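# Survey of secondary and tertiary structure
Residue-level listing of the chains:
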Amino acid sequence: MEVARPATYKRWLAQTRSGRPFKPVGRPRLTRELRDVIIRIGSENLLWGYKRIAGELKKLGLYAGANSVKRILNEAGIHPSPEKRRKKPALPWTIFVRAHMENMVACDFFTKTVFTARGPLTAYVLIFIHLGSRRVFCSAPTYAPDSAWVNQQTRNTLMSCAEQEVTPRFLIRDADTKFSASFDTVWASEAARVIQIPHRAPDANAFAESFIGTIKREYLDFFACFSRSRAQAGALSHYSSGSSTRQPMP
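Parameters at a glance
Residues numbered from 1 in each chain as written. Predicted model: local features only at pLDDT ≥ 70, side-chain atom pairs only at ≥ 80, totals over all residues. Heavy atoms only, no water. Helix = DSSP H or I, 4+ residues; strand = E, 2+ residues; numbered from the N terminus. Buried < 20%, exposed > 50% of the residue type's maximum accessible area, 1.4 Å probe, protein only. Contact = heavy atoms within 4.5 Å. Phe/Tyr/Trp six-rings, centres within 6.5 Å; stacked < 30°, edge-to-face > 60°. Lys NZ or Arg CZ within 6 Å of the ring centre and 35° of its normal. pLDDT = per-residue confidence, 0-100. Patch = residues over 30% accessible without salt bridge, like charges linked within 9 Å, V, L, I, M, F, W, Y side chains within 5 Å. Areas by Shrake-Rupley, 256 points an atom, 1.4 Å probe, with all protein chains shown as cover. Salt bridge = Lys/Arg side-chain N within 4 Å of Asp/Glu carboxyl O. Expected span 1.5 Å × (residues − 1). Pairing = 2+ DSSP bridges. Arc of directions from axis to C-beta.

### Quick notes on the side chain of R173
Here R173 shows up in strand β4 (residues 170-173). The buried category is assigned to R173, whose relative accessible area is 7%.

Following this line, the structure appears as structure tokens:
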């Protein structure tokens, strides 16, 4: 394998004998001042990616490629976080929830089988829980949780929130089809943002899931229901023995 052609090697020898310096190969190395600027920008803006930093340098009349920025930051021990690879860096969900608990409400359905003369029917109950106070607003059971019924429970919950001086700004819900577009509109009319959690991610709605799991394990799983009023009484019995901050919805 040739490292250099014979003519090139002879030229190198002649240049060495004459004492002429060799020309530097490749791009010129970035100055120390520019490297310091890149390190300062990277350390003060941890959510910025390499391309973003290179773009900001152009605004200052300085030029460095994204790969050069990456190399300099890596040499300085400033490594990119996974969030930098996203178009919109996301705040961790737990931090977001913790920061907005006083203005955040979560909702979900749970069911109970009711044995009737027509056979077993599924009764649906819709709960809303205020994350800050853990106050729960619970609907009466229904066999037909259509859009009109769900919207009415939402309005009842908002009235109860106003009575309790709770101002919801965020609502967490899952992708259940019973939550229609009109459901989101009701919350939007109260300046509340509806956040739909990802599919098959119950941990994202942990407060509602935890309450439903408790009420099922401690009460509903221990008896059979033969009417909706019995199912409602069983569900609401949790409030009489539970925390005083839990309030059933009218």
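### Points about the environment of F179
Note that F179 resides in the loop between β4 and α7 (181-188). Classification of F179 as buried rests on a relative accessible area of 6%. In this structure, the C-alpha to C-alpha distance between F179 and P145, residues 34 residues apart in sequence, is 9.8 Å. Once you skip the residues sitting within four places of it in the chain, F179 turns out to touch C107, F109, L126, V150, R173 and D174.

### Things to note about the packing of aromatic side chains
Aromatic ring pairs are described here by two measures, namely the spacing of the ring centres and the angle between the planes. Within the structure shown, the criterion is met by eight aromatic pairs. By way of ring pairs, the aromatic residues F109, F128, W149, F179, F183 and W187 are connected into one cluster. Stacked on the ring of W48, the Lys or Arg R52 has its end atom at 4.0 Å from the ring centre. In this structure, K178 is placed above the aromatic ring of F109, and the distance from its NZ or CZ to the ring centre is 4.8 Å.

### Details of unusual backbone geometry
Excluding glycine, a negative phi dihedral is what most residues carry, and trans is how most peptide bonds are arranged. Positive phi values are uncommon outside glycine, yet R134 reaches one of about 65°. As for its position among the elements, R134 is in the loop between β2 (119-130) and β3 (136-138).

### Section: the confidence of the model for the chain
Chain-level pLDDT for the chain is 84 on average; 84% of the residues reach the 70-or-more range. Looking at the elements of the chain, mean pLDDT is at its lowest for helix α9 (residues 228-241), recorded as 60, and at its highest for β4, recorded as 96. Scored below 50 in pLDDT, residues 239-250 makes 33 contacts in the model with residues more than four places away or belonging to other chains.

### Some details on a nonpolar patch on the surface
Judged by side-chain polarity, Y9, W12, L13 and F22 come together as a nonpolar surface patch covering roughly 390 Å² of accessible area. Since its relative accessible area comes to 31%, L13 is described here as partly exposed.

### What about helix α6 (residues 147-163)?
Compared with the 24 Å implied by 1.5 Å per residue over 17 residues, the 25 Å span of α6 between its first and last C-alpha is a close match. Residues of α6 that are buried: W149, V150, N151, Q153, T154, N156, T157, L158, S160 and C161. Packed against the buried residues of α6 are β1 (104-116), β2, β3 and α7. E165, located one to two residues past α6, shows a positive phi value of around 60°.

### Description of the pairing of β2
Two faces belong to every sheet, and in a regular strand the side chains alternate between them. Relative to β2, β1 runs antiparallel, the two being bridged by 12 bridges. Paired with V114 across the two strands is L121, which belongs to β2. The pairing of β2 with β3 spans three bridges and is antiparallel. The residue bridging I129 from the neighbouring strand is V136, located in β3.

### Some thoughts on the pattern of salt bridges
This structure, assessed with the given rule, holds eight salt bridges. Of the charged contacts in the structure, one is a salt bridge between R40 and E44, with a shortest N-O distance of 3.2 Å. Of this pair, R40 and E44 are both found in helix α2 (residues 32-44), four residues apart, which corresponds to roughly one turn of the helix. Each member of the pair R40 and E44 is classed as exposed. Across the pair R52 and E56 runs a salt bridge whose closest N-O atoms are separated by 3.1 Å.

### A few points about α2
Over its 13 residues, α2 extends 18 Å from the first C-alpha to the last, a length consistent with the 18 Å expected when each residue adds 1.5 Å. Taken residue by residue, α2 has L34, R35, I38, I41 and G42 as its buried positions. Each buried residue of α2 sits inside an arc of 130° when the element is viewed along its axis, so together they form one side. With respect to the buried face of α2, the exposed residues turned more than 90 degrees away are E33, R40 and E44. Elements that come into contact with the buried residues of α2 comprise α3 (50-59) and α4 (66-75).

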